[in-house]
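Survey of secondary and tertiary structure
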Amino acid sequence: MQKIMVLDGGSYGRYRVMRVEGMEELGRFSAWRDAVLCALDQVSGQARAQVELWEKQYPALNGRAIRAGHLFVLGDFANAGGVGSWLVRHEFESGCYYKVTGIDSGSLLCSCDDYAHSLFLPAGKSRPSLDGLVVCKHILALMLWLDYGSDTEENPHVMVDH
């Protein structure tokens, strides 16, 4: 199975999209967002379309959709030991995970600071939400994975037990 990654080009400000096996370069980009969209194309065109739709329809997400796309490309999702409970990795620290839990109302809760902060924004502030449900990049990434990555043979994402 193929695995895709986005690498920071360092001081050149260029981002590279690489296929891990053989370290084949798939593209170079000056913008991180463009590199993530290219990586999403390699993994799932449907996931890319969903990220772009979220960006367009939900401006209050403030970049969380593209960061969720990056987490989806990383492909590190694990069952957290119960029905409706998952671990989603930290975007830049491997080995660090946040717990995302489903509740009866259909909402998802996350243990990250961004999610907790968003719940308590003062009146008048725009909460990052989809159809009234508060979200973070980990929740969005899990939604992508459940819809486009968890059950396809050719998808490079593997659910890892931690």
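Refer to the structure above for everything that follows.
I will try to describe carefully the structure that is included in this document. Owing to the predicted nature of the structure, the values given are computational and were not obtained by experimental measurement. Residue positions are counted from 1 within each chain, in the order its sequence is given. Owing to the predicted nature of the model, reporting of local features is limited to residues with pLDDT of at least 70; listing and counting of side-chain atom pairs is limited to 80 or more, with chain, interface and lining totals taken over all residues. Only heavy atoms go into the side-chain values, all of them from the structure, while hydrogens and water stay out.

1. With respect to helix 5 (residues 137-148)
Helix numbering and strand numbering both begin at the N terminus, where a helix is a DSSP run of H or I of at least 4 residues and a strand a DSSP run of E of at least 2. Here, expected helix span is obtained from the residue count minus one, scaled by 1.5 Å. Between its first and last C-alpha atoms helix 5 spans 16 Å; for 12 residues at 1.5 Å apiece the expected length is 16 Å, and the two agree. Residue burial is assigned from relative accessible area. The probe radius is 1.4 Å, only protein chains are included, and a residue is buried under 20% of its type maximum, exposed over 50%, and partly exposed in between. Counting buried residues along helix 5, nine of its 12 residues qualify, which places the element largely inside the surrounding structure. The set of residues buried in helix 5 consists of K137, H138, I139, L140, A141, L142, L144, W145 and Y148.

2. Observations regarding the sheet that holds strand 1 (residues 4-8)
Strand pairing follows a simple DSSP-based rule, namely that at least 2 bridges must link the two strands. Taken in spatial order, the three strands make up an open sheet running 1-2-3, and their pairing is antiparallel. At either end of the open sheet lies a strand with only one pairing partner, and these are strand 1 and strand 3 (24-29). Ignoring strand direction, the axes of neighbouring strands in this sheet form an average angle of 25°. As paired elements, strand 1 and strand 2 (residues 15-19) share five bridges and run antiparallel to each other. By the bridge assignment for strand 2, I4 is matched with R19. Note on contacts: a residue pair is in contact if any heavy atoms of the two residues lie within 4.5 Å. Only the stretch in contact is used when fitting a helix axis, every axis being a line fitted to C-alpha atoms; angles between N-to-C directions are given from 0 to 180 degrees. Relative to the sheet, helix 1 (residues 32-43) contacts strand 1, strand 2 and strand 3, its axis offset from that of strand 1 by approximately 165°.

3. As for the pairing of strand 6 (residues 97-102)
In terms of strand pairing, strand 5 (residues 85-89) meets strand 6 through five bridges, oriented antiparallel. The residue bridging W86 from the neighbouring strand is V100, located in strand 6. Sheet topology note: the strand 6/strand 7 (residues 108-110) ladder contains three bridges and is antiparallel. Pairing of T101 across the sheet is with L109, part of strand 7.

4. Considerations on the side chain of S118
By the element assignment, S118 lies in helix 4 (residues 113-119). In protein, a polar contact means a hydrogen-donor-capable atom and an acceptor-capable atom, both N or O and within 3.5 Å, with residues adjacent in sequence counting only if both atoms are side-chain atoms; elsewhere, any N or O pair within 3.5 Å suffices. For S118, the side chain forms a polar contact with the main-chain oxygen of D114, separated by 2.9 Å. Apart from the residues lying within four places of it in its own chain, the contact partners of S118 are R64, R127, P128 and V134.

5. Here we look at the nonpolar core
Ranked by internal contacts, the top residues of the largest apolar core, which has 43 residues, are L40, W54, L61, F72, C110, I139 and L144. Apart from residues lying up to four places away in sequence, W54 is in contact with L61, A65, L130, L140, M143 and L144. Buried Ala, Val, Leu, Ile, Met, Phe, Trp, Tyr and Cys residues form a nonpolar core when they are joined through side-chain atoms within 4.5 Å.

6. Some thoughts on the packing of helix 1 against helix 2 (residues 45-57)
For the pair helix 1 and helix 2, the least separation of the axes is 6 Å and the interaxial angle reads 140°. Taken together, the residues of helix 2 that come into contact with helix 1 (itself represented by R33, L37, C38, L40, D41 and V43) are G45, A47, R48, V51, E52 and E55. In the contact of helix 1 with helix 2, the residues fall into six nonpolar, one polar and five charged. Gly counts as polar in this scheme, as do all residues outside two lists: the nonpolar Ala, Val, Leu, Ile, Met, Phe, Trp, Tyr, Cys and Pro, and the charged Asp, Glu, Lys and Arg.

7. Overview of helix 2
Between its terminal C-alpha atoms helix 2 stretches 18 Å, which fits the 18 Å expected from 13 residues at 1.5 Å a residue. Looking at the buried residues of helix 2, the elements they touch are helix 1, helix 3 (64-74), strand 8 (129-130) and helix 5.

8. Details of the environment of W54
Mapping W54 onto the fold places it in helix 2. On the accessibility criterion, W54 (6% relative accessible area) is buried.

9. What to know about unusual backbone geometry
Located in the positive-phi region is N62, a residue other than glycine, with phi close to 50°. The residue N62 is located in the loop between helix 2 and helix 3 in this model. One non-glycine residue, D131, lies in the positive phi region at around 50°. Exposure remark for D131: the relative accessible area of 67% places this residue in the exposed category.

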